[in-house]
Amino acid sequence: MTRRRPLWESVLFSLIRLSPIIAPATILPIFSYDQTAIDLLVKRWLVLLAVLVFWNMTEGGAILWMKAKTHASPNARGFLLVTMLCGAATVAILQYGRTLSSQGSFLLVLAILSIRGMSRSGWEHNRPLAGFLGAIVGNSLITLVSLLCIAPSLDWQSIAVAVAIGSSVGAVEASWYSTTFSREALTRWALPLFRSTLCLGPITIATMGMTNQIPLPYALTSLALPLATRHLRQANTLNEIPSSTLRGAAGIYLLFLAIMMGCKVL
C-alpha cells in the first residue's frame, strides 16, 4: 500500500496515467488533417478517456467493496452499487466506441482494461512485479491505441514511441507504489527495471530524432537525461525507488512531454 499523499499529488498521478491517450499528439502532425478527420480523432480520444476513467472507478469501487465486505461494513452495499453502475457505464461507452474504431483497436482496448486491472491488483496486493510489468505494457498499449486513432496502420516507429511513453509512465507508477517493493526485490530486479524505464523514453525519442526517423529537434529529449541520472543516483544511494513526485519520476516524465511539445513547434 502507498503512503497517504496530498490531493494534488493524487490528481497529478491520475492525469499522468491517462496522459498516454494524447501523448502521441506531441509527435504526430494531427492538425494537417481535414476537419472531419480531426473531429473523428477527438471523438475516439474522448471515448478512450471515458472508458479508462469509468474503468478506474469500477476498479476502485470493487476494491472498496471487497474491503468493506471483509470488515462487515454497512457501506458495502453502497460500494457494490457504485461498482455496478460504473461497470455498466464502461460497457455502454465501449459499445459506442466500437462503432468509431476498427476491430483491432477495440480488442486492444479490452486487453488494456484487463492488463490495467491486473496491474492495479498487483500494486494493491503487494505483488509489485505484476504491478510494474502491467503498468509498462498497459500504458504502452494505450499509446498504441491512441496512435491507431490517428493513423490507420502502425510501423515500428509507432511501436517504439508507444513503448517509450508506456515505459516512462510505468516508472512513475513504480515510484508511486514504491513502498510495495521488498529489499530483495529492489536488489534483484526492481531497481534495474526502474532505471531502464525511467531513461528509455528520452533515449528512444532522442535516438529516433538523431537518426531522422522523426524530426531532428526531438533529439532534444535527451535534455531530460541529466535529471533522470541525478534521480537514479539517489535511488542507488538509498537502495530504493524514491517516492518523490515532481522532483522524481513524475517530474522527469512531465519534462520529457514538455520537451516533445516544444520540439513539435520548432
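Read on for a plain summary of the structure. Given the structure is predicted, the values throughout are model-derived calculations rather than measurements. (Residues numbered from 1 in each chain as written. Predicted model: local features only at pLDDT ≥ 70, side-chain atom pairs only at ≥ 80, totals over all residues. Heavy atoms only, no water.)

## Focus on the packing of helix H6 (residues 156-176) against helix H9 (residues 249-264)
In plain terms, the rule: Axis lines are fitted to C-alpha atoms, over the contacting stretch for helices. Their N-to-C directions set the angle, which ranges from 0 to 180 degrees. Each helix corresponds to a stretch of at least 4 residues labelled H or I by DSSP, and each strand to a stretch of at least 2 residues labelled E; elements are numbered beginning at the N terminus. Reported orientations rely on four angle classes, namely roughly parallel under 35 degrees, roughly antiparallel over 145, roughly perpendicular from 65 to 115, and oblique for the rest. We call a crossing left-handed when the near helix sits turned anticlockwise from the far one by less than a right angle, and right-handed when that turn is clockwise. Any two residues whose heavy atoms approach within 4.5 Å at even a single point are treated as in contact.
Interhelical geometry of H6 versus H9 gives an angle of 155° and a closest axis separation of 8 Å. It follows that H6 is roughly antiparallel to H9 by the angle criterion. Read as a crossing pair, H6 and H9 show a hand that is left-handed. Contact residues: H6 offers Ile-165, Ser-168, Val-169, Ala-171, Val-172 and Ser-175, while H9 offers Ala-249, Ala-250, Tyr-253 and Phe-256.

## Here's the deal with the nonpolar core
Defined as follows: Nonpolar cores were defined as sets of buried Ala, Val, Leu, Ile, Met, Phe, Trp, Tyr and Cys residues, with membership established by side-chain atoms within 4.5 Å. Note on classification: 1.4 Å probe, protein chains only; a residue is buried when its accessible area is under 20% of the maximum for its type, exposed when over 50%, partly exposed between these limits.
Of all hydrophobic cores here, the largest spans 44 residues; its most connected members are Phe-181, Phe-194, Leu-198, Ile-205, Ile-241 and Tyr-253. Taken together, the elements giving at least two residues each to this core come down to helix H1 (7-18), helix H5 (128-150), H6, helix H7 (183-210), helix H8 (225-238) and H9. Excluding residues within four positions of it along the chain, Leu-198 makes contact with Ala-171, Ala-228, His-231, Leu-232, Ala-249 and Ile-252. Counting residues in hydrophobic clusters, the runner-up holds 26 residues, among them Ala-50, Ile-93, Leu-100 and Leu-147.

## Brief notes about the packing of aromatic side chains
To be explicit about the condition: Stacked, tilted and edge-to-face are the three classes applied to pairs of Phe, Tyr and Trp rings, where Trp contributes its six-membered ring and a pair requires centres within 6.5 Å; stacked means planes under 30 degrees apart, edge-to-face means over 60, and tilted covers the rest.
In the structure shown here, the tally under the stated rule is 7 aromatic pairs. Their ring planes at 40° and their centres at 6.3 Å tell us that Trp-123 and Phe-132 sit as a pair that is tilted. Note on Phe-132: relative accessible area 0%, which makes it buried. Relative to Tyr-177, the ring of Trp-123 has its centre 4.8 Å away and its plane inclined at 5°; by these criteria the two rings are stacked. Of the two residues, Trp-123 sits in helix H4 (residues 103-124) while Tyr-177 sits in the loop between H6 and H7, which places them 54 residues apart along the sequence.

## Some thoughts on H9
Stated formally: The span you would expect from a helix comes to 1.5 Å times its residue count less one.
With 16 residues, H9 extends 23 Å between its outermost C-alpha atoms, agreeing within 8% with the 22 Å of an ideal straight helix rising 1.5 Å per residue. Within H9, the full set of buried residues consists of Ala-249, Ala-250, Gly-251, Ile-252, Tyr-253, Phe-256, Leu-257, Ile-259, Met-260 and Cys-263. Check the buried side of H9 and you find it contacts H1, H6, H7 and H8.

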